[in-house]
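# Descriptive structure summary
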Amino acid sequence: RHLAAVLRDAGRFAVQQFVDWKSHDLLKIITRTLRAAERGDLVLIYYSGHGKRFGNHLCLATADTELDSLYATSLRMMDIRELIRDSRVGQTIL
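Residues numbered from 1 in each chain as written. Predicted model: local features only at pLDDT ≥ 70, side-chain atom pairs only at ≥ 80, totals over all residues. Heavy atoms only, no water.

## Notes on the packing of aromatic side chains
On inspection of all chains with the given rule, the structure shows 2 aromatic pairs. Ring geometry for F18 and W21: centres 4.5 Å apart, planes at 75°, overall edge-to-face. With relative accessibility at 30%, the residue F18 sits in the partly exposed group. What makes W21 partly exposed here is its relative accessible area of 33%. Ring centres 4.6 Å apart and planes at 45° place the aromatic pair F54 and Y71 in the tilted group. Taken together, the residues F54 in strand β2 (residues 51–54) and Y71 in helix α3 (residues 70–73) connect sequence positions 17 residues apart. When the ring centre of Y71 is taken as origin, the NZ or CZ atom of R76, which lies over that ring, is 4.2 Å away. (Phe/Tyr/Trp six-rings, centres within 6.5 Å; stacked < 30°, edge-to-face > 60°. Buried < 20%, exposed > 50% of the residue type's maximum accessible area, 1.4 Å probe, protein only. Helix = DSSP H or I, 4+ residues; strand = E, 2+ residues; numbered from the N terminus. Lys NZ or Arg CZ within 6 Å of the ring centre and 35° of its normal.)

The structure is reproduced here in structure tokens:
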């Protein structure tokens, strides 16, 4: 929450915070944000929480994460990376 305040106070960033959101809702908003971004934009995705490994994949825990259903109930880093790769955004910090 402190990082959001610093970025908001800097006046150069549109800040959205998502606390205790479910995985599918977070994936939806990340998708929309990246699709709306243009080449000159900078998108910062900051995650503070727990990650779990599923095989060789990192899954970020969300409000609805169930350990026995990680793929269905978490944010998979490979999905976020693919969304970034397929977007027009100029720079992304993750």
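Structure shown, so let's carry the discussion forward.
## Quick notes on the pattern of salt bridges
If the charged atoms of two oppositely charged side chains come close together, the side chains can form a pair. Within this structure, the stated rule accounts for 2 salt bridges. Across the pair R88 and E38 runs a salt bridge whose closest N-O atoms are separated by 3.2 Å. Here E38 lies in the loop between α2 (23–36) and β1 (42–44) and R88 lies in the loop between α4 (77–86) and β5 (91–93), a separation of 50 residues in the sequence. Its relative accessible area of 41% is what places R88 among the partly exposed residues. Accessibility expressed as a relative area gives 42% for E38, which makes it partly exposed. Linking D79 and R76 is a salt bridge whose minimum nitrogen-to-oxygen distance equals 2.8 Å. (Salt bridge = Lys/Arg side-chain N within 4 Å of Asp/Glu carboxyl O.)

In short, the description is geometric, and any link to function would need to be established separately.
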